[in-house]
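# Tertiary structure, described
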Amino acid sequence: MTKHLLLGQTLGFSGNPLLGDWSEAVDFDSAGGVLIEAGRIIATGSGEALRAVHPDAQVTDYGDGLISAGFVDAHMHYPQTGMIASWGKQLIDWLNTYTFPEEARFGDQAHADDVAARTLDLAVAHGTTTLTSFCTIHPESVDAFFSAASARNMAVIAGKTCMDRNAPETLRDTAQSAYDRSKALLEKWHGVGRASYAITPRFSPTSTPDQLSALGALWAEHPECLMQTHLSEQMPEIAWVKELFPQARDYLDTYEKFGLLGERGLYGHAIHLEEREIARLAEVGAAVVHCPTSNTFIGSGLFDLMGLARSQLSIGLATDTGGGSSFSMLRTMAAAYEIGQLRGVALHPAQLMWLATEGAAQALKMSGEIGRLGQGAAADITVLDLHSTPAIAQRAGRAKDIWDAVFPTIMMGDDRAIREVWIAGKPQRG
Ligand code: GUN
Ligand code: ZN
């Protein structure tokens, strides 16, 4: 079996840099190495030392390129790829005007296949090696996504989006058909290759109590699966949830009541949370997902990253394509930085890189498998060129340390900053 040794500047993490002193959580080596065999990272350390011990390994020297775990996108909607950057609407109008008509097209297998392939290619071009996606109501959309990911050997999480009210007729299922079809897709795809199935009620306004309850029952039968949904994204949405569920204590309660709150729950946005919601999410070990480009683009609000991290919530980072305005996790980190600044917090580049890799993997309960530049993890790796444009290069050229060199790429970088992407031990650009 061929061994590959990647040389360059290596960045990994040994702890959570959001809590305590970030510098104690960082593993950085300016002349590091990553040894890969059979799709896994089998060692990391000094490049020279690894080379001496493994003279048989095929060497790729990235010079001062930054070798990181591949980026992990913890919440997105691949069917919305074609309508990213649609103008002028906030959440509910945006869903009705742009999103639902777009999603109505995914009963067509060829269309779903085309958009799934395009989305995964765009993700990889931007250094993202794992996507967590909502599909549409159509089983075809789920088959398309998992098939395209399997062809690329990518670890992905996805599920059939379920809606049985407040959506166009063609996008509605029922409590029973949502249960039956989700179950069939789960049994077809979960654990096949690198695929994981996530039970996916879109959000409380588009599911009746019966449907939420049916999906809660399915989750109870399959506690090994993740459950993904949306929570407290925009104020009018929250007011609408109060009207639809007058008995509920808060938005989270509309999930909790129906068995849809748990450790493997992933709650997208979670911007306007009440104290009880934060306490319950922390208590059960659930994760919330920060979608910063979406939160500014759709006008949702300023996610309280540090407050929620201190409350012991697991936090993933995500593009939320196409509510989010970029396929790039670099741009997503930049938006997280900007939102932090608006809340009076300057997130350190180490914290941003952690959120886009290990933090997101922890939120997905896949820590150790993805998002980590360390022994035993899948060899899903992104190599960054820290001088990818003239504007970035002139700034990085005067950097006084690695963080000063990485930060311009986080703030100004895009797909041009992605020098190479390895997926399960295979380079994607050659
Ligand atoms: N809430 C319910 N559905 C969606 C969606 O598709 N995108 C976003 N951003 N929020 C949602
Ligand atoms: Zn979303």
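In what follows, the accompanying structure is described.

Each value, and the rule that gives it
- Residues numbered from 1 in each chain as written.
- Chains lettered and ligands numbered in written order.
- Predicted model: local features only at pLDDT ≥ 70, side-chain atom pairs only at ≥ 80, totals over all residues.
- Heavy atoms only, no water.
- Pairing = 2+ DSSP bridges.
- Helix = DSSP H or I, 4+ residues; strand = E, 2+ residues; numbered from the N terminus.
- Contact = heavy atoms within 4.5 Å.
- Axes fitted to C-alpha atoms, helices over the stretch in contact; angles between N-to-C directions.
- Buried < 20%, exposed > 50% of the residue type's maximum accessible area, 1.4 Å probe, protein only.
- Donors = N, O, S within 2.8 Å, 3.2 Å for Na, K, Ca; no water.
- Tetrahedral: all angles 85-135°; square planar, octahedral: opposite > 155°, others 65-115°.
- Salt bridge = Lys/Arg side-chain N within 4 Å of Asp/Glu carboxyl O.
- Expected span 1.5 Å × (residues − 1).
- Bend = angle between axes of the 7 residues up to and from the residue.
- Phe/Tyr/Trp six-rings, centres within 6.5 Å; stacked < 30°, edge-to-face > 60°.
- Parallel < 35°, antiparallel > 145°, perpendicular 65-115°, else oblique.
- Left-handed = near helix turned anticlockwise from the far one by under 90°.
- Nonpolar A, V, L, I, M, F, W, Y, C, P; charged D, E, K, R; others polar.

## A short note on the sheet that holds strand S14 (residues 381–384)
The seven strands are arranged S3-S2-S1-S4-S14-S15-S16 in an open sheet whose pairing can be described as mixed. Two strands in the sheet have a free side with no partner beyond their single neighbour: strand S3 (40–46) and strand S16 (426–427). Across four bridges, the pairing between S14 and strand S15 (residues 418–423) is antiparallel. What sits directly across from Val383, in S15, is Glu420. Along the sheet face, helix H13 (residues 349–363) touches strand S1 (3–13), strand S2 (26–37), strand S4 (58–69) and S14 and points at about 125 degrees away from the line of S1.

## Some remarks on the side chain of Thr128
Structurally, the position occupied by Thr128 is in strand S6 (residues 128–134). Look at Thr128 and you get buried, because its relative accessible area is 1%. Other than its neighbours up to four places away in sequence, Thr128 contacts Phe71, Asp73, Ala123, Met154, Phe327 and Met329.

## What to know about the coordination of the zinc ion (ligand 2)
The coordination sphere of the zinc ion (ligand 2) contains the protein donors His75 (NE2), His77 (NE2), His230 (NE2) and Asp320 (OD), at a distance range of 2.0 to 2.6 Å. Around the zinc ion (ligand 2), the four donor atoms sit at angles spanning 89 to 159 degrees, and that spread fits a shape best called irregular. Along the chain, the residues donating to the zinc ion (ligand 2) fall in the pattern H-x1-H-x152-H-x89-D. Highlighted residues: His75 in strand S5 (residues 71–77) and His230 in strand S10 (residues 226–231), separated in sequence by 155 residues. For the residue pair His75 and His230, the accessibility class agrees, reading buried in each case.

## Here's the deal with the pattern of salt bridges
Enumeration according to the criterion identifies 25 salt bridges in this entry. With a closest N to O distance of 3.0 Å, Asp253 and Arg249 form a salt bridge. In this structure Arg249 comes out as exposed when scored by relative accessible area, which is 51%. A salt bridge links Arg276 to Asp253; the shortest N-O distance between them is 4.0 Å. Of the two residues, Arg276 sits in helix H9 (residues 275–284) while Asp253 sits in helix H8 (residues 251–256), which places them 23 residues apart along the sequence.

## Quick word on the environment of Gly316
With respect to the helices, strands and loops of the structure, Gly316 is situated in strand S13 (residues 314–317). Once you skip the residues sitting within four places of it in the chain, Gly316 turns out to touch Ala74, Val288, Val289, His290, Gly359, Ala360 and Ala363.

## Some thoughts on helix H2 (residues 91–103)
Taking 1.5 Å as the rise per residue, H2 with 13 residues should run 18 Å; its terminal C-alpha atoms sit only 15 Å apart, a clear shortfall. The largest bend in H2 is about 35 degrees, located at Thr97, with the proline Pro101 one to four residues further on. Within H2 the residues assigned to the buried category are Leu91, Trp94, Leu95, Thr99, Phe100, Glu102 and Glu103. Buried positions along H2 lie against helix H7 (235–244).

## Here's the deal with the packing of aromatic side chains
This model, assessed by the stated rule, comprises nine aromatic pairs. With a centroid separation of 6.5 Å and 40 degrees between ring planes, the pair formed by Phe146 and Tyr197 is classed as tilted. Taken together, the positions of Phe146 in helix H4 (residues 139–151) and Tyr197 in strand S9 (residues 195–201) put the pair 51 residues apart, joining distant regions of the chain. Comparing Phe146 with Tyr197, the two get one shared label, buried. Here a set of aromatic residues connected by ring pairs shows up, and it is made of Tyr78, Phe106, Phe145, Phe146, Trp189 and Tyr197.

## Quick look at the packing of H13 against helix H15 (residues 402–412)
Two elements in contact, H13 and H15, have axes whose closest approach is 9 Å; the angle formed by their N-to-C orientations is 55 degrees. The orientation of H13 with respect to H15, classified from their angle, is oblique. In the crossing of H13 with H15, the sense of the turn from one axis to the other is left-handed. Contacts between H13 and H15 pair Pro349, Ala350, Leu352 and Met353 from the former with Trp403, Phe407 and Ile410 from the latter. Of the residues assigned to the contact of H13 with H15, the class counts are seven nonpolar, no polar and no charged.

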